[in-house]
Amino acid sequence: MEWKKTETIDWHNLGFNYLKCDFSYISYYQNGQWDQGFLTESDKILISASSTCIHYGQQAFEGLKAYRKKDGSIHVFRPFENAKRMNQSCRRLLMPEVPEEKFLEAIKMVVQANSHFVPPYESKATLYIRPYIIGVGDNLGLRASSDYLFGVFVSPVGRYYKGEIKPVKYIVSEYDRAAPRGTGGVKVGGNYASSLYPCKLAKEEGYMDCIYLDPETHTKIEEVGAANFFAITPDYTLVTPKSPSILPSITKKSILEIAREMLKMNVEEREIYINELDMFCEAGACGTALGITPIGGIFYQDKLHIFHSETEVGPITKKLYEILNAIQFGDIASPNGWMLDI
Ligand code: PLP
Ligand code: COI
């Protein structure tokens, strides 16, 4: 098999766009069991038009990244957590779980087969990994499918918001991305479909995206469309929302640990009221795609609440960013069990 040439890729100027790599992974679930799974050179899948993923949104996905270290070797950031979270999504949407070993094996196979697409260390770009599970097969009524496809594809990516790390501005949305006892806590497509329109409105008003409030009372901060929210208070505490309708971010979990163990900060996962905005000296969004993105300001009720600065990254956010990046690119040791060597 001939590998697609990667010499023409401008690793330093990648955005967050899909670039077809040489191999992806597919496995089918039929008659109550998963098959072995295989690598394929095609990135197309052929499924019945009556598949439940198409009509009833019976699907879930994950997002994680592979990093090239200074010595050229490759490792993946916390895939064990993604394996667990994917199965939480599967349980919520009545889909069969993907055994954790199978999930990890698929990640390994795809990253190894596409190792030439893992960007060089110096570029600070990464290989984004997208596992997904979809309900397939012939079906019409509203019910869970009996057949599923679990796939993994990859794409080299740069920063989600192009350019150097700099503060972004968000606006608080009047819309909800998830219902109070709905599917906000799992990673399923419906949450993202419902966030497209509010995001478009936010962009039209000159903001990067919107901040959602809790769907029940609209008084508490939930998260950004594609990332969790955190803030720093003047007494050296990192606070982040606790809510059943936000996605439990693996990046958030990691920066809580970094803040507590390495920066000796106080950390609090608690309800954060939107009228607390002026009490924060720094704020940020965190996720796999967004990394740690400093928030310069949030527009709420006719006022732009500015945190550290509209243009400069706050010192604690910067520190968190540097430590997380150093761990992810293998420059400093990671806490036990975070990384999977490829
Ligand atoms: N919240 C939402 C809605 C997301 O889509 C993501 C991205 O995966 C996150 C939070 C961050 O989660 P993680 O850090 O696991 O990527
Ligand atoms: C991720 O950060 O991996 C996500 O899934 C967010 C996505 C909307 C790009």
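The notes below deal with the structure included here. (Residues numbered from 1 in each chain as written. Chains lettered and ligands numbered in written order. Predicted model: local features only at pLDDT ≥ 70, side-chain atom pairs only at ≥ 80, totals over all residues. Heavy atoms only, no water.)

Remarks on the packing of helix α5 (residues 250-262) against helix α6 (residues 315-328)
Convention followed: Helix axes are fitted only over the stretch in contact, all axes being lines through C-alpha atoms; the angle between N-to-C directions runs from 0 to 180 degrees. Secondary structure elements are defined from DSSP: runs of H or I of at least 4 residues count as helices, runs of E of at least 2 residues count as strands, and each element is numbered from the N terminus. Angular relationships are summarised with four words: roughly parallel below 35 degrees, roughly antiparallel beyond 145, roughly perpendicular across 65 to 115, and oblique for the angles in between. Contact definition: two residues touch when any of their heavy atoms are within 4.5 Å. Each residue receives one of three labels: charged for Asp, Glu, Lys and Arg, nonpolar for Ala, Val, Leu, Ile, Met, Phe, Trp, Tyr, Cys and Pro, and polar for the others, Gly being one of them.
Contact geometry for α5 and α6: axes closest at 10 Å, N-to-C directions at 110 degrees. With respect to their mutual orientation, α5 and α6 come out roughly perpendicular. Two secondary-structure elements touch here, α5 through Thr251, Ser254, Ile255, Ile258, Ala259 and Met262 and α6 through Leu320, Ile323, Leu324 and Ile327. Broken down by class, the residue content of the contact of α5 with α6 amounts to eight nonpolar, two polar and no charged.

Comments concerning the nonpolar core
Note the following rule: By nonpolar core we mean a set of buried residues, namely Ala, Val, Leu, Ile, Met, Phe, Trp, Tyr and Cys, connected to one another through side-chain atoms within 4.5 Å. Exposure classes here rest on a 1.4 Å probe applied to the protein chains alone. A residue is buried below 20% of its type maximum, exposed above 50%, and partly exposed in between.
In this structure, Val111, Ile129, Ile133 and Phe150 are the most contacted members of the largest nonpolar core, which totals 37 residues. Listed by contribution, the elements that provide at least two residues to this core are β1 (24-30), β5 (64-68), β6 (74-77), α2 (79-92), α3 (100-113), β7 (126-136) and β8 (147-157). Apart from residues lying up to four places away in sequence, Ile133 is in contact with Trp34, Gln58, Gln59, Ala60, Met86, Cys90, Met95, Pro96, Val98, Tyr148, Leu149 and Phe150.

Looking at α3
Selection criterion: Here a helix's expected span is defined as the number of its residues, less one, multiplied by 1.5 Å.
For α3, with 14 residues, the first-to-last C-alpha span of 20 Å sits near the 20 Å given by 1.5 Å per residue. Buried residues of α3: Lys102, Phe103, Leu104, Ala106, Ile107, Val110, Val111 and Ala113, and no others.

Overview of the pattern of salt bridges
Note the threshold: In the sections that follow, a salt bridge refers to a side-chain nitrogen of Lys or Arg positioned within 4 Å of a carboxyl oxygen of Asp or Glu.
Following the criterion strictly, the structure yields 17 salt bridges and no others. Among the ionic pairs, Lys253 bridges to Glu81, the shortest N-O distance being 3.1 Å. You can see Lys253 sitting in helix α5 and its partner Glu81 sitting in helix α2, a full 172 residues away along the chain. Lys253 sits in the partly exposed class, given a relative accessible area of 40%. Ionic pairing is found between Arg177 and Glu223, a salt bridge with its closest N-O pair at 2.9 Å. Separated by 46 residues along the polypeptide, Arg177 in the loop between β9 (168-172) and α4 (189-204) and Glu223 in strand β11 (residues 221-224) bring together distant segments of the chain. Each of the two residues, Arg177 as well as Glu223, counts as buried. Counted as one network, the salt bridges with shared partners bring together Arg78, Glu81 and Lys253.

Spatial relationships are all this shows, so hold off on functional conclusions.
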